[in-house]
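Each chain, letter by letter, is given below.
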Amino acid sequence: MKATARAVPNTLPSTPTAQLFGHEGPVRSLKFSSCGKYCISGGHDRTVRLWNPTRIDPASQSQQIGGGDMISDTVFSNEKILDKIPHALPIQVYDDGHTHPISAIDIDNTSTKLISASEKTLVITDVISRKLKRRFQGHTGRINTVACSSGGDVYASGSYDGTVRLWDGRSGSQTPIQILSDATDSISSVKILQEESAVVEILSASIDGCVRTYDIRRGMVNCDNFGNGKDIALTCVSNTSDKSLCAVSCLNGAVHITERSTGALLNTCFGGHTAGRYSLECSFTSNDKHIVQGSENGTTIIYDYVTGDIVQSLEGQRRATCTVACHPHLNDSSVVITGSYDGTAIVWSNGNPKYSSFQ
């Protein structure tokens, strides 16, 4: 397990720091909490797990090489060293209400409400008490993607049935606030965009090749078609912290960078990752300088989206890295977690010892 660098700045991940150890089977979804101290993972084993990814589990049997020294990139060229990556500190396991594998997760800004998708059901769990709070049902196909407003007042779920449903997190009503049904194929990604605490836009990507922006206040929808008459499926949409740019990951291996307000295509990144079979995620780093993109060959590619160049390749996972999560804080932009169908979830950093210490 190693990082292949091309003049990598210190703000990029280069070293495996910890692993989220505990899931049985593929790790399907990863998210950081808004404070950056915690992360959640959703697995094929029907569990959602809460972690502190930058603290090492004292009970872990894994030991750092060299008596606690950071593991070097050269040492990690040996895949067997995976067993030596220390385990991140596990905090809690949530399995109530999950009857099928977890396909998507999110957490509100207060880190008190956990949102997870299990087949056609949206499950809301109290993070502290672990108690099931609500189950929302109504989709006729598997839920692929979920999002939560900052205060947990609105939940969004996007499904294989081609709809995005908005749910009232305060009343808990089983009747959706709104059903967005403009897509002609499966919804692969959904985002809730806010101004202060108000939900203003819903952003969705679909297998039909379109990114749709729903203006909730004006009742309008704008559609950006990336297919241009061709069969190009979209697997993920991500936006910069100021919401000015979007990254759109496609099944044909392209990552398009667009201006969100106009839909203008600014650049396309490709050639570093492999795609074609799996729904792969992408995400901007917290400093908005790079795109982190999963890959079907087990690597994770980091692009400079201005030039389109590959600046980093995180290697070692053996199956598709379908999910990625970037630390939300600017000072921790080097911290990235990659989740794979091989059952591993690796925390990467720039090698700073603070990310692997007993704090």
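Residues numbered from 1 in each chain as written. Predicted model: local features only at pLDDT ≥ 70, side-chain atom pairs only at ≥ 80, totals over all residues. Heavy atoms only, no water.

1. Some details on unusual backbone geometry
Peptide bonds are mostly trans, and most non-glycine residues show a negative phi. The phi dihedral of arginine 46 is positive, around 70 degrees, even though this residue is not glycine. With respect to the secondary-structure elements, arginine 46 resides in the loop between β4 (39-43) and β5 (48-56). One non-glycine residue, arginine 130, lies in the positive phi region at around 70 degrees. Mapped onto the secondary structure, arginine 130 falls in the loop between β9 (121-126) and β10 (132-137). Using a relative accessible area of 39% as the deciding quantity, one classes arginine 130 as partly exposed. (Helix = DSSP H or I, 4+ residues; strand = E, 2+ residues; numbered from the N terminus. Buried < 20%, exposed > 50% of the residue type's maximum accessible area, 1.4 Å probe, protein only.)

2. Section: the packing of aromatic side chains
The tally for this structure, following the rule as stated, stands at 4 aromatic pairs. Residues tyrosine 278 and tyrosine 341 carry aromatic rings whose centres are separated by 5.0 Å and whose planes lie at 50 degrees to one another, so their mutual orientation is tilted. Taken together, the positions of tyrosine 278 in the loop between β22 (265-269) and β23 (282-284) and tyrosine 341 in the loop between β28 (336-340) and β29 (345-349) put the pair 63 residues apart, joining distant regions of the chain. Through a chain of ring-to-ring contacts, three or more aromatic side chains come together here, namely Phe136, Tyr155 and Trp167. (Phe/Tyr/Trp six-rings, centres within 6.5 Å; stacked < 30°, edge-to-face > 60°.)

3. Describing the sheet that holds β28
Across the sheet, 4 strands lie side by side as β2-β29-β28-β27; this open sheet has antiparallel pairing. Only two strands of the sheet have a single partner each, and these edge strands are β2 (15-19) and β27 (321-326). The mean inter-strand angle of the sheet, taken between neighbouring strand axes irrespective of direction, is 30 degrees. Direction of pairing for β27 relative to β28: antiparallel, over a ladder of 5 bridges. From the neighbouring strand, threonine 323 faces β28, where its bridge partner is glycine 339. (Pairing = 2+ DSSP bridges. Axes fitted to C-alpha atoms, helices over the stretch in contact; angles between N-to-C directions.)

4. Quick word on the pattern of salt bridges
This structure, assessed with the given rule, holds 5 salt bridges. In this structure, arginine 212 engages aspartate 208 in a salt bridge whose closest nitrogen and oxygen atoms are separated by 3.0 Å. Here the two residues arginine 212 and aspartate 208 agree in accessibility, since each one is buried. (Salt bridge = Lys/Arg side-chain N within 4 Å of Asp/Glu carboxyl O.)

5. Side note on empty space enclosed by the protein
Counted by the stated rule, this structure contains 1 cavity of 30 Å³ or more. The volume enclosed by the largest cavity comes to roughly 50 Å³. Considering the residues around the largest cavity, the lining is formed by Leu203, Val211, Thr213, Asp224, Phe226, Cys246, Val248, Thr258 and Arg260. Residue assignment for the lining of the largest cavity shows that the elements contributing at least two residues are β17 (210-215) and β20 (245-250). (1 Å grid on protein atoms, 1.4 Å probe; cavity = no way out; pocket = protein on both sides within 12 Å on 5 of 7 lines; lining within 4 Å. Points joined across faces, edges and corners; volume = space filled by probe spheres on them.)

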